[in-house]
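# Chain and residue survey
Listed below are the residues making up each chain.
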Amino acid sequence: MKKLLLITFFLASFFNFNSFGYAVTLDPPSDPSLGEFRPRLFFTQEFTYGDSGRNNKNENFVPATRLRFGFEYHKGDEIFAYVHFNRRPYTWGNNGNDLSKDPDANLLIRYAVFEWAMPETNFRVQMGRLPIVTPSYAFGSSILDGRSDAINIYGEINENISINTAWLRLASDDEPSFDNNGNYIYKDDDADAFLLSTKFDYETFKIVPWFMYIKKGADVGTKGKPLFSDFTKNYPVNTNSYVFATSLEYSQFSPLSFTLDTLYSQTSYDKQKLMHIQPDASNNVESYLIASRIKYATDNGIASLGAWYTPGDKYNEVLQKNSYNKHAVVLDADFVATSILFDDNIFGFDRYNNLRDSVFGTWGLVAEHKNFSLLPKLNHTARIAYIEGTNESPNWKNNSRPLDKNNPFSPNFNYLVQGDKLIELNLNSYYMLQKNIIVALELGHMWVNFKDTPDFSGYNDSISRSSLVVLYLF
């Protein structure tokens, strides 16, 4: 469900996303007295070539396929239901295309939604596995843009004010546990979230203040396959997290507009059960984000200048191996500032995109021209970005900069320290070949200059990525 305003536009005949960005409804049929059943098929092919430099030590060509399918049913504007399945992506020539090998690992429920209108009100209720996106007007969500098992209630108070509230079951420990003597231990730890947002929508500005509270049990995520495994494993103890945020769009001087996202998060945890934490360390960690864009709409696309800032770790603040960037609450972010370092791509099954899981620990500047066109049915997005790390000093084990697990010749881009510098260029093009067929070409190049560390005497390199994507929508 992520991605690309352009793709969303092409899908507009299928979906109508509500103003909060994390509830989904379908346009009613022409005859509201009859229910309607619709099959859906989303077929994606990607052919990607990437090169991490370093004397071409890690060139990589990947052809891959992703299949999503399902059905939708709706009866007027009263009842709506849909189920979408996701065929786990596979590379060509890999026996992963045989579902019989491991059906549970290959065929997944992506969405399973039942929605109905509350009688005599302007509110609607959704239940099931829902697409969930926390509000953002600048670069996309830094917290959650994905899916969760949830109950979601949304609707209008009046023509200018809307409200959305949701309960999310992020993870559940329903697997059996045993002690060292083989005795069964009953554990029922869960991770739950409560989300509340209110949108004020007027002629010249929109503002959405929102709040999220997350309570996580100590053992949740240690077994099974939770949706948010990275989050549940950050601190294997009881935790309470709070997120306070506001997103603003101001358009008084149209076609010039201004967007601003501000966010603060805090997590408290049981320090006594974390042996790797220093005795004098606080049992609270916190972070914040400030992101903004100035946009100018033209007859041929939208030009913008944007920036963001997030604080980094302090020296020796966290001592656990690979425990960096744990200050901020991140469930399944989709910060779309660039195509290689971040996540502005359609498929991205290769190893040369989305090198970071989170924007926290960085600051950056972006100049972009989005959705400009030189030929009919052909749109482009071009951008240049400059990014630096904000972590005060390396806090990994023995001051050793970790390597990328998928690329033994490159550092781990998930942890950038002060002095690390990156420049990225992107040119993404999208062509509507037919009504239901889109062809995209994503091109990117990133120059990397990493600060010297004791075991890593500087790193000056470049990463190139080119991806041809064919998307079928039926």
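In this report, we go over the structure that sits alongside the text. Since we're looking at a predicted model, the values are computed, not measured.

Now for the overall build of the protein. Secondary structure summary: the protein contains 3 helices and 24 strands in total. By residue count, 49% of the 474 residues in the protein fall in the buried class. Contacts spanning at least 24 positions in sequence make up 64% of the contacts within the protein whose residues lie at least 6 apart. Summed over all atoms, the accessible surface of the protein reaches about 22,300 Å², with 55% contributed by carbon and sulfur.

Secondary-structure assignment places Ser141 in the loop between strand S7 (123-133) and strand S8 (145-156). Among the polar contacts listed, one links the side chain of Ser141 to the backbone nitrogen of Leu144, at a separation of 2.9 Å. Not counting residues up to four positions away in its chain, the partners in contact with Ser141 are Val133, Thr134, Ser136, Ala333, Asp334 and Phe335.

Given two aromatic rings, one states the distance between the centres and the angle between the planes to describe the pair. For the coordinates displayed, the defined rule picks out 21 aromatic pairs. Taking 5.1 Å as the distance between ring centres and 40° as the angle between the ring planes, the aromatic pair formed by Tyr213 and Tyr242 counts as tilted. Of this pair, Tyr213 sits in strand S13 (residues 205-216) while Tyr242 sits in strand S14 (residues 239-250); the two residues are 29 residues apart in sequence, bridging distant segments of the chain. Tyr242 sits in the partly exposed class, given a relative accessible area of 31%. Relative to Phe342, the ring of Trp308 has its centre 5.6 Å away and its plane inclined at 85°; by these criteria the two rings are edge-to-face. Taken as a pair, Trp308 in strand S17 (residues 301-309) and Phe342 in the loop between S17 and strand S18 (362-375) lie far apart in primary sequence, 34 residues in all. The same class applies to Trp308 as to Phe342, namely buried. An aromatic cluster of at least three residues, connected via ring pairs, comprises Phe139, Trp308, Phe335 and Phe342. A cation over an aromatic ring shows up here: Arg66 above the ring of Phe347, its NZ or CZ 4.5 Å from the ring centre.

Turning to the pattern of salt bridges, a few remarks are in order. Scanning the entire structure with this criterion turns up 14 salt bridges. One salt bridge in this structure joins Arg124 and Glu115, with 2.4 Å as the shortest N-O distance. Both residues of the pair, Arg124 and Glu115, count as buried. Linking Lys199 and Asp201 is a salt bridge whose minimum nitrogen-to-oxygen distance equals 4.0 Å.

Of all hydrophobic cores here, the largest spans 52 residues; its most connected members are Leu168, Met212, Trp308, Phe413 and Met446. Among the elements that make up this core, the one with the highest residue count is strand S9 (residues 161-172) (4 residues).

What counts and how
Residues numbered from 1 in each chain as written. Predicted model: local features only at pLDDT ≥ 70, side-chain atom pairs only at ≥ 80, totals over all residues. Heavy atoms only, no water. Helix = DSSP H or I, 4+ residues; strand = E, 2+ residues; numbered from the N terminus. Buried < 20%, exposed > 50% of the residue type's maximum accessible area, 1.4 Å probe, protein only. Contact = heavy atoms within 4.5 Å. Areas by Shrake-Rupley, 256 points an atom, 1.4 Å probe, with all protein chains shown as cover. Polar contact = N/O pair within 3.5 Å; in protein donor to acceptor, adjacent residues only side chain to side chain. Phe/Tyr/Trp six-rings, centres within 6.5 Å; stacked < 30°, edge-to-face > 60°. Lys NZ or Arg CZ within 6 Å of the ring centre and 35° of its normal. Salt bridge = Lys/Arg side-chain N within 4 Å of Asp/Glu carboxyl O. Core = buried A, V, L, I, M, F, W, Y, C linked by side-chain atoms within 4.5 Å.

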